[in-house]
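Listed below, chain by chain, are the residues.
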Amino acid sequence: MIRMHPVNENTWILYPGDEISETVAAHVARLTQSIRASLGHCLVDIIPSYTSVLVSFDLQQADRFAIESRLKAAIDQSEALSEQTMTAREVVLPVYYGPEAALDMEHIARECQLTPEEVVRLHSEQIYRVYAIGFSPGFAYLGNTPEPLRIARKSTPRLKVPAGSLGIADNQTAIYPSQTPGGWQIIGRTPLEMIDWDSETLTRVNVGDRVRFEPVDRDTFISMGGRLDEL
Amino acid sequence: MSFKVIDPGMLALVQDGGRSGYQHLGVTTGGPMDEHAFDWANWLLGNPRGAAAVEITYGMLVLEALSDMTFALAGADLDARLNGDPLPPWQTRQVQAGDRLTFGSPVSGLRAYLAFPGGVQAVARLGSVATVIREKLGGLDGSGQPLRKDDHLLPVEGGVVEPRTMPDWAIPDYAEPLKMGLIPGYQYESFSAAQRMKFFTSPYTVTSNIDRMGYRLKGEPVISEQSGIISEGIALGAVQIPQDGQPIVLMRDRQTIGGYPKIGCVFSLDLARLAQRKPGDSVEFQLLDVAEAENRRMLYDRHFSE
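Remember, it's a predicted structure, so these values are computed and weren't measured experimentally.

J.: I'm lost on the packing of aromatic side chains in this one. Help?
T.: The geometry of an aromatic ring pair is captured by two quantities: the separation of the ring centres and the angle between the planes. Per the stated rule, a full pass over the model turns up 20 aromatic pairs over all chains. Where Tyr141 of chain A meets Trp184 of chain A, the ring centres are 5.9 Å apart and the plane angle is 55°; that geometry is what we call tilted. With a gap of 43 residues between them, Tyr141 of chain A in strand β7 (residues 140-143) and Trp184 of chain A in the loop between β11 (180-182) and β12 (185-189) connect regions that are remote in the sequence. On the accessibility criterion, Trp184 of chain A (5% relative accessible area) is buried. Aromatic side chains Phe38 of chain B and Tyr113 of chain B sit 6.0 Å apart centroid to centroid with 75° between the ring planes, which places their arrangement in the edge-to-face category. Placement of Phe38 of chain B in helix α1 (residues 35-44) and of Tyr113 of chain B in strand β10 (residues 108-115) is noted, with a sequence separation of 75 residues between them. Residue classification places Phe38 of chain B among the buried residues on the basis of a relative accessible area of 1%.

What follows is the structure, encoded as structure tokens:
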């Protein structure tokens, strides 16, 4: 049973689950898709997150009751969609895990009692799911980081985390699409632009996508447009 | 037909109805802090709803007309003057080349809107010209900059407009006590009856920590039984209650998701009134049923859809 309630005169929130998990994330992705289809041009904005979907609609085109019934229809449809019928998109991101990019590798290796090579292997063997996008445009929260790599955030955030950086904290991995302050432990950097508002796709990853990180060497990173001179 | 920016003042931003449809990518909406004043500024010139206008926060802006031009001014009284003569808000004016429009500091309210025939010409990014500085989106050239010295403000339409006269009933008094309707929702249930009682019966003071993202209020602390929640989408007007119990009302440039418990949402038109309140002003919350909010909103929208 999906809980749902209005939060203001043109917004509803729906909760397909209560805990952060792959199963709930898949449900969120299915529900988001069926709400888009069900609301059509009445939909103004939709924000899928770990366990919830926030939906704002155009009050000049439909009232709360009309939207409520369309949301209920969308819930039914999403429950009919099985995991098989909706395969998540898989995105492969090249990552340079070398010392100039992995600003916290020494600390991560020491805390986890692993060698940097083992850290890279563990981090890049995992397949992640994009649970949420927020904090800043295109900032993606991915899970789950393998158990042996789960460490706390930095006690003092960095003032400037370079664009493309990958950070880890607890059971999540984040990708910084632009240079911002941040407190995650930086484990590597992708040479790819994560956001491009002038492109068709806008962002390289979306909520619900599966992501794999592919280690690349320094030369490949640079030949793909990666930069190491930002700090 | 244009105005030249002689001095951008404290903060002057191009805003339209807001950037919708991209919040799933973490892109906030922007848009006018005081939707009421913004809508009426456009109405005064017969503009389409949501046409781009200039949001002037606090004042100190100086503009010079480079040719004949019509504009409308609505919202806060920021001690505007036309060639030195007082120019109260809620009216349209015609200016000629060389005329100077200057803004002082707030007399009543905090934000004024300057509208031009058809809107202000600006480069749309992601379907909107709404300026969100931290996202580097919107504004005259699309890069998220506020107005700067020597910028030019050009109207979208060059023709003659038939100015309208503001109905008295639609002119708000920004000095009157503000009771904001709060629609209960989100983690409302995680606040005990005693905490809710405190929240709805205590006055809160507007702190100096107010910007386009949010208004931090100070007063009787209210405590949620949950210290944090799994990050979820934030609606316009959401009232976050962090662990110190001091409410933060989230405004136009709010972040799209967040992990603080929320007691509900301030009704959109009351949020517009909050945007005119200054540090030190006192505000209160009162429970508002979502059905009532919906009715009030529909009545409001009707004025601008005719």
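J.: Hey, could you run me through the sheet that holds strand β11 (residues 152-153) of chain B in this one?
T.: Within a sheet, each strand pairs with its neighbour through backbone hydrogen bonds, oriented either parallel or antiparallel. Residues and elements named next belong to chain B. Taken together, six strands build an open sheet; the order of strands is β7-β6-β9-β4-β1-β11 and the sheet is antiparallel. Across the chains shown, the open sheet's two edge strands, defined by having one partner strand only, are β7 (85-86) and β11. Relative to β11, strand β1 (residues 3-7) runs antiparallel, the two sharing two bridges. Note on β11: the bridge partner recorded for Lys4 is His152.

J.: What am I meant to see in the interface of chain B and chain A here?
T.: Between chain B and chain A, the residue contacts involve 40 residues of the former and 40 residues of the latter. Summed over the three residues of chain B that lose the most area to chain A, namely His24, Leu25 and Ile230 of chain B, the buried surface amounts to 21% of that side. If you look at where chain B meets chain A, you find two salt bridges. Residues Asp198 of chain A and Arg125 of chain B are paired through a salt bridge, measuring 3.6 Å at the closest nitrogen-oxygen approach. Counting the contacts that link chain B with chain A gives 11 residue pairs in polar contact (both at pLDDT 80 or more). At the level of elements, β12 (178-184), β15 (232-233) and α4 (290-304) of chain B are the ones that each hand at least two residues to the side of chain B that touches chain A. With seven residues, α4 of chain B is the largest single contributor of residues to the side of chain B that touches chain A. Looking at the side of chain B that touches chain A residue by residue, the class counts come to 19 nonpolar, 13 polar and eight charged.

The rules we used
- Residue indices begin from 1 for each chain and proceed along its sequence in written order.
- Here every chain gets a letter starting at A, and every ligand a number starting at 1, in the order they are written.
- pLDDT decides what is reported in this predicted model: residues at 70 or higher carry local features, side-chain atom pairs at 80 or more are listed and counted, and totals for whole chains, interfaces and linings draw on all residues regardless.
- Calculation of side-chain values draws on the structure's entire complement of heavy atoms; hydrogens and water are dropped beforehand.
- Each Phe, Tyr or Trp ring (for Trp, its six-membered ring) is paired with any other whose centre lies within 6.5 Å, and the angle between the two planes then decides the class: stacked below 30 degrees, edge-to-face above 60, tilted in between.
- For the purposes of this entry, the term helix denotes a DSSP run of H or I that reaches at least four residues, the term strand denotes a run of E that reaches at least two, and both are numbered from the N terminus.
- For every residue, the accessible area obtained with a 1.4 Å probe (protein chains only) is divided by the maximum for its type, and the residue is called buried under 20%, exposed over 50%, and partly exposed between those limits.
- Being paired, for any two strands, means DSSP has found at least two bridges between them.
- Whether two residues are in contact is decided by their heavy atoms: any pair within 4.5 Å suffices.
- A 1.4 Å probe defines the accessible area here, and the buried area is the portion of it lost by two parts on being joined, summed over both.
- A pair is scored as a salt bridge if a Lys or Arg side-chain nitrogen falls within 4 Å of a carboxyl oxygen belonging to Asp or Glu.
- Whenever a nitrogen or oxygen atom comes within 3.5 Å of another N or O atom, the pair is scored as a polar contact, on the condition that within protein one atom can donate a hydrogen and the other can accept it, and that pairs from neighbouring residues in sequence are kept only if both atoms are in side chains.
- The nonpolar class holds Ala, Val, Leu, Ile, Met, Phe, Trp, Tyr, Cys and Pro. Asp, Glu, Lys and Arg form the charged class, and all remaining residues, Gly among them, are polar.

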